[in-house]
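What follows is the residue order along each chain.
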Amino acid sequence: MKRGKIAIVTGATSGIGEAAALKLAAAGYELILTGRRAERLEALADRIRAQHRHCLALPFDVRDEAAVKENLGNLPEPWANIDLLVNNAGLSQGLNPVHDASMSDFNTMMDTNVKGLLHCCQAVLPGMQARQSGHIINVSSIAGKEVYPNGNVYCASKHAVEAISKSMRMELLPFGIKVSTVSPGLVETEFSLVRFYGDEARASQVYQGYQPLSADDVADAIQYIATAPEHVNIADILILPKAQASSMHVLKR
Ligand code: NDP
Ligand code: 8X3
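Residues numbered from 1 in each chain as written. Chains lettered and ligands numbered in written order. Predicted model: local features only at pLDDT ≥ 70, side-chain atom pairs only at ≥ 80, totals over all residues. Heavy atoms only, no water.

Novice: Quick question: what am I supposed to make of the packing of aromatic side chains here?
Specialist: By convention here, two paired aromatic rings are described through the distance between centres and the angle between planes. All told, the structure shown has 1 aromatic pair when counted by the stated rule. Looking at R3, its charged tip hangs above the ring of W79, at a distance of 5.0 Å from the centre. (Phe/Tyr/Trp six-rings, centres within 6.5 Å; stacked < 30°, edge-to-face > 60°. Lys NZ or Arg CZ within 6 Å of the ring centre and 35° of its normal.)

Novice: Help me understand the site of ligand 2, please; the structure alone is not making it clear to me.
Specialist: Taken together, S141, A143, Y148, Y154, F191 and R195 make up the full set of residues near ligand 2. At a separation of 2.5 Å, an oxygen atom of ligand 2 approaches a polar side-chain atom of S141. A distance of 2.6 Å is found between an oxygen atom of ligand 2 and a side-chain nitrogen or oxygen belonging to Y148. For ligand 2, whose unbound accessible area comes to 250 Å², protein coverage reaches 88%. When the residues that make up the shell around ligand 2 are grouped by side-chain class, the tally is 4 nonpolar, 1 polar and 1 charged. (Near = heavy atom within 4 Å. Polar contact = N/O pair within 3.5 Å; in protein donor to acceptor, adjacent residues only side chain to side chain. Areas by Shrake-Rupley, 256 points an atom, 1.4 Å probe, with all protein chains shown as cover. Nonpolar A, V, L, I, M, F, W, Y, C, P; charged D, E, K, R; others polar.)

Novice: Please clarify how the environment of T189 should be interpreted in this entry.
Specialist: With respect to the helices and strands, the residue T189 is situated in the loop between β6 (177-184) and α6 (191-195). The sequence separation of T189 and A21 amounts to 168 residues, and the corresponding C-alpha distance is 15 Å. Among all residues touching T189, those that are not within four sequence positions of it are G15, I16, Y207 and A215. A polar side-chain atom of T189 sits 3.0 Å from the main-chain amide nitrogen of F191. (Helix = DSSP H or I, 4+ residues; strand = E, 2+ residues; numbered from the N terminus. Contact = heavy atoms within 4.5 Å.)

Novice: Would you take a moment to explain the packing of helix α1 (residues 15-26) against helix α8 (residues 215-227) for this structure?
Specialist: In a packed pair of helices, the relevant descriptors are the angle between the two axes and the axis-to-axis distance. Relative to each other, α1 and α8 sit at 50 degrees, their axes nearing to 8 Å. Looking at the two axes, α1 sits oblique to α8. The hand of the α1/α8 crossing is right-handed. Taking contact as the criterion, the partners of G15, I16, A19, A20, K23 and L24 in α1 are, on α8, A215, D216, V218, A219, D220, I222, Q223 and A226. Class assignment for the residues of the contact of α1 with α8 results in 9 nonpolar, 2 polar and 3 charged. (Axes fitted to C-alpha atoms, helices over the stretch in contact; angles between N-to-C directions. Parallel < 35°, antiparallel > 145°, perpendicular 65-115°, else oblique. Left-handed = near helix turned anticlockwise from the far one by under 90°.)

Novice: What am I meant to see in the pattern of salt bridges here?
Specialist: In a structure, side chains of opposite charge can pair up when their charged atoms sit close to one another. Counted according to the given criterion, the structure contains 11 salt bridges. A salt bridge links R40 to E190, with the nearest nitrogen and oxygen atoms 2.9 Å apart. One end of the pair, R40, is in helix α2 (residues 38-50); the other, E190, is in the loop between β6 and α6, and 150 residues separate them in sequence. On the accessibility criterion, R40 (34% relative accessible area) is partly exposed. The salt bridge involving K69 is made with E65; its shortest N-O contact spans 3.8 Å. Taken together, the residues K69 and E65, both in helix α3 (residues 65-72) and 4 residues apart, mark about one turn of the helix. In this structure, a network of salt bridges that share partners links the residues R37, R40 and E190. (Salt bridge = Lys/Arg side-chain N within 4 Å of Asp/Glu carboxyl O. Buried < 20%, exposed > 50% of the residue type's maximum accessible area, 1.4 Å probe, protein only.)

Novice: I tried to follow the side chain of R53 on my own but got confused; where do I start?
Specialist: Assignment of secondary structure puts R53 in the loop between α2 and β3 (55-59). A polar contact of 3.2 Å, which involves the side chain of R53, links it to the backbone oxygen of G28.

Novice: Help me understand the sheet that holds strand β1 (residues 6-9) in this model?
Specialist: Across a sheet, paired strands are connected by hydrogen bonds in the backbone, their directions being either parallel or antiparallel. Taken together, 7 strands build an open sheet; the order of strands is β3-β2-β1-β4-β5-β6-β7 and the sheet is parallel. This sheet does not close on itself; its edge strands, each paired only once, are β3 and β7 (236-239). The mean angle between the axes of side-by-side strands here comes to 15 degrees, regardless of whether they run parallel or antiparallel. By the bridge criterion, 6 bridges tie strand β5 (residues 134-139) to β6 in an arrangement that is parallel. Its bridge partner lying in β6, N138 is registered against T181. Strand contacts of helix α4 (residues 103-131): β1, β4 (84-87), β5 and β6, with the helix running at about 170 degrees to β4, the strand carrying the most contacts. (Pairing = 2+ DSSP bridges.)

Below, the structure written as structure tokens:
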């Protein structure tokens, strides 16, 4: 097999990450897949290999700085030269006002969505800087641009992703490294199942009465950002379902 560019997708065990990995493989990338659920990663790796792309599955927790360094900081040849990092791993836990929410949920969201993203950036940036090329796509959210009641810390974590991405775009300018964000509205994935601690009925209600985005819709945007000509940086794509006008305006019938 002829080797293509190398992409890492974090959080590839479901939803947007899984769909993005498949689209990037179809676009010619070799894939490094990460997430905590090893069996799902292996199953996806097999699907990607069936598309005649090389694939490496690395199960680890993005919150664990040492594990991220160990896995992404010392990649074996021929995986060492990362062209694209898609920082997608993320979650929301709970939907409560600050006065009724758990500190443990706050820590999980900040540790995953913000610090986990930073761990992954720090692991791949030395190589990108040495090669004077590379691209980081951070999965933000409409929650990185607006807030809504009970979204407090999840929104704060995605506002942090936006701020970090804008700052990194300036810091990495001299190194020829592109930084982009994709900012989806409501996407039907396991996101709400995780937010509501496995409550399937409550999770499915989020997506009833309108057509939400699919993981594939967002993966299309990620593929578009990744495959733009080298001199073009799509800085951000805000992508919403037709039925959504803001975090607070969703037309349900
Ligand atoms: P899913 O729950 O389907 O996917 C989340 C992915 O993140 C899983 O692969 C999960 O893997 C991974 N993940 C979570 N925590 C960790 C961790 N500590 N270490 C490693 N991987 C982790 O949700 P989505 O696909 O919807 O979410 C993907 C991204 O999109 C998130 O950043 C989310 O905030 C963002 N987003 C989602 C929207 C939506 O409406 N669905 C809208 C806007 C943004 P595993 O559990 O195996 O570790
Ligand atoms: C996920 C979309 O509206 O639940 O980022 O915050 S929302």
